[in-house]
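Structural characterization, general
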Amino acid sequence: LACATSALRSAVNGDAVLDRIEAEAGVTADAIDGLEEARLIFGAIRAAVLIDPGPALCFDLGGGSLEIMVGDSNGLLFAASERLGVARLSAQFVSADPIPEGDRRRLHEHLVDVLGPIAVDTARFEPKMGVGSSGTLEDLAHMVAARRDEPVPRSLNQLTFSREELQPLHEELLASTSTQRRRIDGLDAKRVDLIVAGSELLATAMDLFEVQELTISEWALREGIVLDAIRHHD
């Protein structure tokens, strides 16, 4: 099963790329829209994380897009997809290392402009918990856990951290160079240049959506695709 997401959705030659993949690799990839992506992700989150108390406000942060979902054990109640992925934001707003104050201000203002109205929309569901999925949010959780006076759990699934725990790490990431970030426990080397935008997004989102704690789901889109295929097969 192959799905194409934000990068190919927004590429002017996305259809041509999908045709070439099929011709050369023999794999038919479906370009799914952001709401379908959100539906699949939430199916994985609901299977991986105990949503109690519900409903849960969920964020899945990828390279090209951010999916925002509200749902409970019975299913999805709300979904939105925005072009706020960490690779996209880094390319648009991060011009130097460490991030200049002007870049940070423009990035923050852009996030508030896009996420503010969604925060108003989701508030009516009165979410009781926050959930985050995919690699960038997992790395932030791992870095927070590495600073605690206890071993980092082998699995990050259902690991929970607070806004207060995130804040000092967030400020350190914003002030650091890529060389300094490489030495931070819990940060995957492939996200050294992307984590600044990811941290700013999460800090801003937790503020706008009034999320005090975030619980990690290690299952996301890939697992959601598999679960959805199983259901169709059954």
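For the structure given in this document, a descriptive report is provided here. (Residues numbered from 1 in each chain as written. Predicted model: local features only at pLDDT ≥ 70, side-chain atom pairs only at ≥ 80, totals over all residues. Heavy atoms only, no water.)

1. Some details on the side chain of Arg88
Summarising the element assignment, Arg88 is placed in helix α4 (residues 86-93). Lacking a salt bridge, the buried Arg88 has Glu67 as its closest oppositely charged neighbour, with an N-O distance of 9.1 Å. A polar contact of 3.5 Å, which involves the side chain of Arg88, links it to the side chain of Ser10. Residues within four places of Arg88 in sequence aside, it is in contact with Ser6, Ser10, Gly63, Gly64 and Arg83. (Helix = DSSP H or I, 4+ residues; strand = E, 2+ residues; numbered from the N terminus. Buried < 20%, exposed > 50% of the residue type's maximum accessible area, 1.4 Å probe, protein only. Lys, Arg positive; Asp, Glu negative; His and termini not counted. Salt bridge = Lys/Arg side-chain N within 4 Å of Asp/Glu carboxyl O. Polar contact = N/O pair within 3.5 Å; in protein donor to acceptor, adjacent residues only side chain to side chain. Contact = heavy atoms within 4.5 Å.)

2. Overview of the packing of α4 against helix α9 (residues 195-208)
For the pair α4 and α9, the least separation of the axes is 8 Å and the interaxial angle reads 105°. Relative to α9, the element α4 lies roughly perpendicular. Contacts from Val86, Leu89 and Ser90 of α4 reach α9 at Ala197, Gly198 and Leu201. Partitioning the contact of α4 with α9 into residue classes produces 4 nonpolar, 2 polar and no charged. (Axes fitted to C-alpha atoms, helices over the stretch in contact; angles between N-to-C directions. Parallel < 35°, antiparallel > 145°, perpendicular 65-115°, else oblique. Nonpolar A, V, L, I, M, F, W, Y, C, P; charged D, E, K, R; others polar.)

3. A few points about the packing of aromatic side chains
Applying the stated criterion across every chain yields a total of 2 aromatic pairs. Between Phe59 and Phe209 the ring centres are 5.2 Å apart and the planes differ by 80°, which places this aromatic pair in the edge-to-face class. Separated by 150 residues along the polypeptide, Phe59 in strand β3 (residues 56-61) and Phe209 in the loop between α9 and β8 (213-217) bring together distant segments of the chain. We classify Phe59 as buried; its relative accessible area is 2%. The buried category is assigned to Phe209, whose relative accessible area is 9%. Aromatic side chains Phe78 and Phe125 sit 6.0 Å apart centroid to centroid with 50° between the ring planes, which places their arrangement in the tilted category. (Phe/Tyr/Trp six-rings, centres within 6.5 Å; stacked < 30°, edge-to-face > 60°.)

4. Remarks on the packing of helix α6 (residues 135-146) against helix α7 (residues 163-175)
As a packed pair, α6 and α7 sit with axes 10 Å apart at the nearest point and diverge in direction by 105°. The orientation of α6 relative to α7 falls into the category roughly perpendicular. Where α6 approaches α7, its residues Leu140, Met143 and Val144 are matched on the opposing element by Glu165, Leu166, Leu169 and Leu173. Of the residues belonging to the contact of α6 with α7, the class tally is 6 nonpolar, no polar and 1 charged.

5. Observations concerning the layout of surface pockets
Space inside the largest pocket adds up to approximately 420 Å³. Asp60, Gly62, Ser134, Gly135 and Arg222 are the residues nearest the centre of the largest pocket, which is lined by 23 residues in total. Residue assignment for the lining of the largest pocket shows that the elements contributing at least two residues are α1 (6-10), β3, α6 and α10 (221-233). The residue makeup of the lining of the largest pocket, split by class, is 6 nonpolar, 9 polar and 8 charged. Its volume calculated, the second largest pocket comes out at about 300 Å³. Taken together, 16 residues form the lining of the second largest pocket, with Pro127, Lys128, Phe209, Glu210 and Val211 sitting closest to its centre. Within the residue set of the lining of the second largest pocket, elements represented by two or more residues are α5 (101-123), β6 (129-133) and β8. By residue number, the principal contributor to the lining of the second largest pocket is α5, which donates 3 residues. A per-class count over the lining of the second largest pocket returns 8 nonpolar, 5 polar and 3 charged. (1 Å grid on protein atoms, 1.4 Å probe; cavity = no way out; pocket = protein on both sides within 12 Å on 5 of 7 lines; lining within 4 Å. Points joined across faces, edges and corners; volume = space filled by probe spheres on them.)

6. Considering the pairing of β8
Burial runs high along β8: 4 of the 5 residues are buried. Pairing of β6 with β8, which is carried by 4 bridges, proceeds in the parallel orientation. Note that in β8 the partner of Val131 across the bridge is Thr215. (Pairing = 2+ DSSP bridges.)

7. Some thoughts on α5
End to end, α5 covers 31 Å across 23 residues, agreeing with the expected 33 Å (1.5 Å per residue, within 8%). Along α5, the sharpest change in direction is near 35° and occurs at Leu115; proline Pro117 comes one to four residues later. Within α5, the full set of buried residues consists of Gly102, Asp103, Leu107, Leu111, Leu115, Gly116, Ile118, Ala119 and Thr122. Residues of α5 that are buried make contact with β3, β4 (66-72), β5 (75-82), α4 and α9. (Expected span 1.5 Å × (residues − 1). Bend = angle between axes of the 7 residues up to and from the residue.)

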